[in-house]
Amino acid sequence: MDVPQVTLGAINIEAADPHALGAFWAAVTGGTPAPSGDFVYIPPAAPGGFAMFFQPLTGPRPDRLTIHLDLTVPWGTRSAEVDRLVSAGATWRWDVLDEHPHVQWTTLADPEGNLFCVAEHPPQA
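Residues numbered from 1 in each chain as written. Predicted model: local features only at pLDDT ≥ 70, side-chain atom pairs only at ≥ 80, totals over all residues. Heavy atoms only, no water.

### Digging into the nonpolar core
Our working definition: To define a nonpolar core, start from buried Ala, Val, Leu, Ile, Met, Phe, Trp, Tyr and Cys residues and group those joined through side-chain atoms within 4.5 Å. Only protein chains enter the accessibility calculation, which uses a 1.4 Å probe. A residue is then buried if its area is under 20% of the maximum for its type, exposed if over 50%, and partly exposed in between. Strands here are runs of E lasting at least two residues and helices are runs of H or I lasting at least four, both read from the DSSP assignment and numbered beginning at the N terminus. We call two residues in contact when some of their heavy atoms are within 4.5 Å.
Counting 21 residues, the largest nonpolar core has Trp25, Met52, Phe54 and Phe116 as its most contacted members. Sorting the residues of this core by element identifies strand E1 (10–15), helix H1 (18–29), strand E3 (39–42), strand E4 (51–56), strand E5 (69–72), helix H2 (78–88) and strand E8 (115–120) as the ones contributing at least two each. Setting aside residues no more than four positions away along its own chain, Met52 makes contact with Ala10, Ile11, Ile13, Trp25, Thr29, Val40, Tyr41, Ile42 and Leu69. Ranked by size, the runner-up nonpolar core spans 5 residues in total, among them Val96, Val103, Cys117 and Ala119.

Here it is, written out as structure tokens:
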């Protein structure tokens, strides 16, 4: 059976302020924003990274989003990364530190309220 050759091109987000939200996510990912009119594109910051594209809202924001990003950091760095992201404009929502033995994570919200998680997995023995 052939393996599909599908990769993640970009994460697209509608925003009340695409430029401000793009600047926040550029700080998160280390990417360099490329604005064009009302739109902002952030290319991957490194090989294996992901791109993001921000565009103006086309309708009311849903009350509850059914998808969110899980970002992974090296074991032992989650706390420092969460502090960095809160300093950049994220809002801390909650921690999950002992529910699963294979992962710990912190859930944050970006400046427009979109949830995302910062996770760390313990090293394999």
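From this point, things continue past the structure.
### Considerations on the UniProt feature "domain: Glyoxalase-like" (unreviewed entry) in the protein
Stated precisely, the cut-off is as follows: UniProt positions are given in the numbering used here, feature names are shortened, and annotations may be inferred rather than shown by experiment.
Feature annotation in UniProt assigns "domain: Glyoxalase-like" (unreviewed entry) to the following positions: residues 11–118. Summarising residues 11–118: 21% helix, 40% strand, and an end-to-end C-alpha distance of 17 Å.

### Quick word on the sheet that holds strand E6 (residues 91–100)
Defined as follows: Strands pair, by our definition, only if DSSP identifies at least two bridges between them. Interaxial angle, 0 to 180 degrees, is taken between N-to-C directions of lines fitted to C-alpha atoms, where a helix line uses only the stretch in contact.
With mixed pairing, 4 strands are arranged side by side in an open sheet as E5-E8-E7-E6. The sheet is open, and its two borders are formed by E5 and E6, each paired with just one other strand. Each adjacent strand pair in this sheet contributes to an overall mean axis angle of 25°, direction not counted. As paired elements, strand E7 (residues 103–109) and E8 share 6 bridges and run antiparallel to each other. By the bridge assignment, Ala109 is partnered in E8 with Leu115. Along the sheet, H2 makes contact with E6, E7 and E8, crossing E7 at roughly 5°.

### So, the pattern of salt bridges
When charged atoms on two side chains of opposite charge get close, those side chains can pair. To keep it simple, the criterion reads: Whenever a carboxyl oxygen of Asp or Glu lies within 4 Å of a side-chain nitrogen of Lys or Arg, that contact is scored as a salt bridge.
Tallying each qualifying case throughout the model produces 4 salt bridges. Notably, a salt bridge pairs Glu112 with Arg61, separated by 2.5 Å at the nearest N-O pair. You can see Glu112 sitting in the loop between E7 and E8 and its partner Arg61 sitting in the loop between E4 and E5, a full 51 residues away along the chain. Here Glu81 and Arg84 are joined by a salt bridge, their closest N and O atoms 2.6 Å apart. Residue Glu81 and its partner Arg84 are located together in helix H2, separated by 3 residues, close to a single helical turn. Through salt bridges that share partners, Arg78, Asp95 and Glu120 make up one connected network.

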